[in-house]
Amino acid sequence: MSVVVDRIGLLVTNDPALGEGVLGIIRDASVVFERGKVVFVGPSGQVADERIDAAGRSVIPGFVDSHTHLVFAGDRSDEFAARMAGHPYLAGGIQTSVAATRAASTPELAGLTNSRREEARRAGITTVEIKSGYGLDAVNEKRCLQVAEHFSNDTTFLGAHIVPAEFAGRTDDYVHEVCGAMLLAAAPHARWIDAFCEVGAFDADQCRAVLTAGRAAGLGCRLHANQLGHGPGVQLAVEMGCASADHCTYLSDDDIAALAASTTVATFLPATDFSTRQPYPDARRAIDAGVSVALATNCNPGSSYTTSMSFCIALAVRDMRMTADEALMAATLGGAQALQRDDVGRLAPGKSANLVVLDAPSYTHLVYRPGVPLIHQVIEAGVTVVAPSI
Ligand code: NIG
């Protein structure tokens, strides 16, 4: 059965060959899809088996959230409140989530992850990456990835998130475990491997060992890099050919030059910098130097408990000096590039029919009207997963 979304006031295709500018904008447009794939984008007035009337609203590609930690149990709002009262974010709170996650049953974890995935859908996120990282032993990392793979094709083994309490003071022994028994248990359920390269977590050599082992097990590499300070993370991500270096809150000139000369995407997570009172990354300098960028929510219980990509876009424009066009592109096509996905992030024939209808005449309203729920309808692989409220 074919479906047409008709009378779209402004359609973002992200394909410059299909419309105006880098966003490939078509005005007074329609999108036709069949069996979950786009088959036509062009002028309004197309005919199909089913018709959805956008009534002049704008339509954008579904958001691609390339960095989340959706599988966890427990609550850390007290830690957040303490932080707002002046305590720094040191990532030690991860241990609290590890204890709660280990104690939760698998059905409980699945239920919690499902609620968060649904919340993300209501925020317009049609593609999501999900990391483990709150299990931190072979049994629990595998369990978290088994939950994650119900919700995403882009699951990431993050055994090297932090050293769990039982390995305190024995980081190298834990890295050995991550690269051995844990990787063996996790790899069948993961597409990617990741590590947290930061003082207090893992150093460059330890992260290199983890990524190298993951790659040998057939996983693609990504890295948490330069979140809490300057360090070797970005350079390591480039050296290892990571698909993405995530956070990039602290970027030196050399880091920017290395990213610009590489295929590694810099994934900015501004809701984290908001929630941890860190400075925002210098996205303007990175983009002007030719770095490919993505925006993601980093939904997790410690440093960024939000599924709102609209909020991330607003921060990127307001505080990171990205244009609205750049921010929208980073939250859609940029996320797809960070996941090395060619099937999402664009609305063009052959691509997945992932569309968000905004209750606004243009995507600029995502920034212009911060905090206002503008997501009117969400279509994922051709199916309405968020219906308009009447
Ligand atoms: O990406 N930085 C490491 N991991 C998460 C935070 C996890 C937590 O605090 O629970 C992040 O910000």
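Residues numbered from 1 in each chain as written. Predicted model: local features only at pLDDT ≥ 70, side-chain atom pairs only at ≥ 80, totals over all residues. Heavy atoms only, no water.

## What about the packing of helix α5 (residues 171–186) against helix α6 (residues 204–216)?
Right, so step 1: It is at 10 Å that the axes of α5 and α6 come closest, and there the two elements cross at 10°. On the basis of their axis angle, the class for α5 and α6 is roughly parallel. Here α5 contributes Thr171, Asp172, Val175, Val178, Cys179 and Leu183 to the contact with α6, which in turn contributes Gln206, Ala209, Val210, Ala213 and Gly214. (Axes fitted to C-alpha atoms, helices over the stretch in contact; angles between N-to-C directions. Helix = DSSP H or I, 4+ residues; strand = E, 2+ residues; numbered from the N terminus. Parallel < 35°, antiparallel > 145°, perpendicular 65-115°, else oblique. Contact = heavy atoms within 4.5 Å.)

## Considering the sheet that holds strand β8 (residues 154–160)
Right, so step 1: Read across the open sheet, the eight strands follow the order β6-β7-β8-β9-β10-β11-β12-β13; overall the sheet is parallel. Looking at strand neighbours, the two that pair on one side only are β6 (63–65) and β13 (293–295), the edges of this open sheet. Taking each pair of neighbouring strands and ignoring which way they run, the sheet shows an average axis angle of 25°.
Right, so step 2: Bridging between β8 and strand β9 (residues 192–197) involves three bridges; their strand directions are parallel. The partner of Thr156 across the bridge, within β9, is Trp192.
Right, so step 3: In the packing of α6 onto the sheet, the strands contacted are β8, β9 and β10 (220–225), and the crossing angle to β9 comes to about 175°.
Right, so step 4: Of the strands in this sheet, β6, β7 (125–131) and β13 are in contact with helix α11 (residues 309–319), which crosses β6 at around 90°. (Pairing = 2+ DSSP bridges.)

## Digging into the site of the ligand
Right, so step 1: By nearness alone, 15 residues border the ligand, and Arg76, Tyr89, Tyr134, Gln227 and Ser303 come closest of all.
Right, so step 2: Here an oxygen atom of the ligand sits 2.5 Å away from a polar atom, N or O, in the side chain of Tyr89.
Right, so step 3: Contact between the ligand and Tyr134: an oxygen atom at 2.7 Å from a side-chain N or O atom of the residue.
Right, so step 4: Here the ligand, which alone exposes 320 Å², has 100% of that area covered by the protein. (Near = heavy atom within 4 Å. Polar contact = N/O pair within 3.5 Å; in protein donor to acceptor, adjacent residues only side chain to side chain. Areas by Shrake-Rupley, 256 points an atom, 1.4 Å probe, with all protein chains shown as cover.)

## A short note on the packing of aromatic side chains
Right, so step 1: On inspection of all chains with the given rule, the structure shows five aromatic pairs.
Right, so step 2: With 6.1 Å between their ring centres and 70° between their planes, Phe72 and Tyr134 make a pair best called edge-to-face. Of the two residues, Phe72 sits in the loop between β6 and α1 (77–84) while Tyr134 sits in the loop between β7 and α4 (138–148), which places them 62 residues apart along the sequence.
Right, so step 3: Members of the aromatic cluster, connected to one another through ring pairs, are Phe72, Tyr134 and Tyr305. (Phe/Tyr/Trp six-rings, centres within 6.5 Å; stacked < 30°, edge-to-face > 60°.)

## Regarding α6
Right, so step 1: Helix length check: α6 (13 residues) gives 18 Å between terminal C-alpha atoms against 18 Å at 1.5 Å per residue, within 8%.
Right, so step 2: Taken together, the buried positions of α6 are occupied by Ala204, Gln206, Cys207, Val210, Leu211, Ala213 and Gly214.
Right, so step 3: Tucked into the core, α6 has its buried residues touching β8, α5, β9, β10 and α7 (233–239).
Right, so step 4: The N-cap residue of α6 is Asp203: its side-chain oxygen and the backbone nitrogen of Asp205 are 3.1 Å apart.
Right, so step 5: One or two steps after α6, the chain reaches Gly218, where phi turns positive at roughly 95°. (Expected span 1.5 Å × (residues − 1). Buried < 20%, exposed > 50% of the residue type's maximum accessible area, 1.4 Å probe, protein only.)

## Concerning unusual backbone geometry
Note: most peptide bonds trans; most residues except glycine with negative phi.
Right, so step 1: Not every positive phi belongs to a glycine, and Arg35 is a case in point at roughly 45°.
Right, so step 2: Within the secondary structure, Arg35 is located in the loop between β2 (25–34) and β3 (37–43).
Right, so step 3: Exposure remark for Arg35: the relative accessible area of 74% places this residue in the exposed category.
Right, so step 4: Residues other than glycine seldom take positive phi values, yet Arg277 does so here, at roughly 55°.
Right, so step 5: By the element assignment, Arg277 lies in the loop between α9 (270–275) and α10 (283–288).

## Notes on the environment of Val344
Right, so step 1: In this fold, Val344 is placed in the loop between α12 (324–338) and β14 (355–358).
Right, so step 2: C-alpha separation for the pair Val344 and Gly21, spaced 323 residues apart in sequence, amounts to 19 Å.
Right, so step 3: Residue contacts for Val344: discarding those within four places in its chain leaves Val64, Thr127, Leu333, Ala336, Ser352 and Asn354.

## Things to note about the nonpolar core
Right, so step 1: Grouped together as the largest cluster of nonpolar side chains are 97 residues, with contacts concentrated most on Phe63, Phe268, Ile313 and Tyr363.
Right, so step 2: The leading source of residues in this core is α12, at seven residues.
Right, so step 3: Once residues within four sequence positions are removed from consideration, Phe268 is found in contact with His247, Cys248, Leu251, Pro281, Ala283, Ala286, Val293, Ala294, Leu295, Ala296 and Met320.
Right, so step 4: Counting residues in each nonpolar core, the second largest holds 18 residues, with Val3, Leu11, Ile52 and Ala54 among its members. (Core = buried A, V, L, I, M, F, W, Y, C linked by side-chain atoms within 4.5 Å.)

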